[in-house]
Amino acid sequence: MMATKNKNLTSLDELIDKEYGKKGTEKRKVFEKGFEDFKYGTLIHQARLDQGMTQEQLAKKCGTNKGYISKVENNISDVRLSTLQRIIEVGLGGKLELGISL
């Protein structure tokens, strides 16, 4: 049986285009930057929980404080790349991988 496309449904990409504009527009760039920041905080939070660590324990391992870890996890604070790397690599034992899209 072949699946049929429901014309009443809208894809996530279509919704984002409608709300924030097409890729490359200023409003879309701001949205995508905010999403990336949110994503990193969420990934750090989940990795910390997966390892059974408190924010305080993670902060101690990577040389910062609990309040700063909370701000990073909740996307309240801009984080320097070197600090993000230290949290991920020293604190969580992971590896930070970056990419560039042009």
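The numbers attached to residues start from 1 for each chain and follow its sequence in the written order. Owing to the predicted nature of the model, reporting of local features is limited to residues with pLDDT of at least 70; listing and counting of side-chain atom pairs is limited to 80 or more, with chain, interface and lining totals taken over all residues. Note that water and hydrogens are dropped before the side-chain values are worked out from all heavy atoms of the structure.

Labelled according to an unreviewed UniProt entry, the protein chain appears under the name Helix-turn-helix transcriptional regulator, originating from Chryseobacterium gotjawalense.

(A) Up close: the environment of E56. Numbering goes from the N terminus for both helices and strands, where a helix is a DSSP run of H or I of at least four residues and a strand is a run of E of at least two. Inspection of the secondary structure assignment puts E56 in helix 3 (residues 55-62). Since its relative accessible area comes to 55%, E56 is described here as exposed. Between the C-alpha atoms of E56 and Y68, which are 12 residues apart in sequence, the distance is 9.7 Å. For every residue, the accessible area obtained with a 1.4 Å probe (protein chains only) is divided by the maximum for its type, and the residue is called buried under 20%, exposed over 50%, and partly exposed between those limits.

(B) Looking closely at the confidence of the model for the protein chain. With 94% of its residues at a pLDDT of 70 or more, the protein chain has an overall mean of 86. Confidence scores per residue from the predictor, reported as pLDDT, run from 0 to 100. Mean pLDDT across the secondary structure elements of the protein chain bottoms out at helix 1 (residues 12-20), with 85, and peaks at helix 3, with 96.

(C) Structural view of the nonpolar core. Ranked by size, the top nonpolar core spans 13 residues in total, and within it I44, L58, I69 and I87 carry the most contacts. When residues of this core are traced back to their parent elements, those giving at least two are helix 3, helix 4 (66-73) and helix 5 (81-91). Here L58 is in contact with I44, R48, M53, I69, I87, G91 and L92, once residues within four sequence places are set aside. Take the buried residues of types Ala, Val, Leu, Ile, Met, Phe, Trp, Tyr and Cys, join any two whose side-chain atoms come within 4.5 Å, and each joined set is a nonpolar core. When checking whether two residues touch, look at their non-hydrogen atoms; a contact exists if any pair is within 4.5 Å.

(D) Structural detail: the packing of aromatic side chains. Only Phe, Tyr and Trp rings take part, Trp by its six-membered ring, and two of them pair if their centres are within 6.5 Å. Stacked means planes under 30 degrees apart, edge-to-face means over 60, and tilted covers everything else. The tally for this structure, following the rule as stated, stands at 1 aromatic pair. Ring geometry for Y20 against F31: centres 4.1 Å apart, planes inclined by 20°, an arrangement best described as stacked. Of this pair, Y20 sits in helix 1 while F31 sits in helix 2 (residues 26-50), placing them 11 residues apart in sequence. The class of Y20 is partly exposed, set by a relative accessible area of 28%. What makes F31 partly exposed here is its relative accessible area of 24%.

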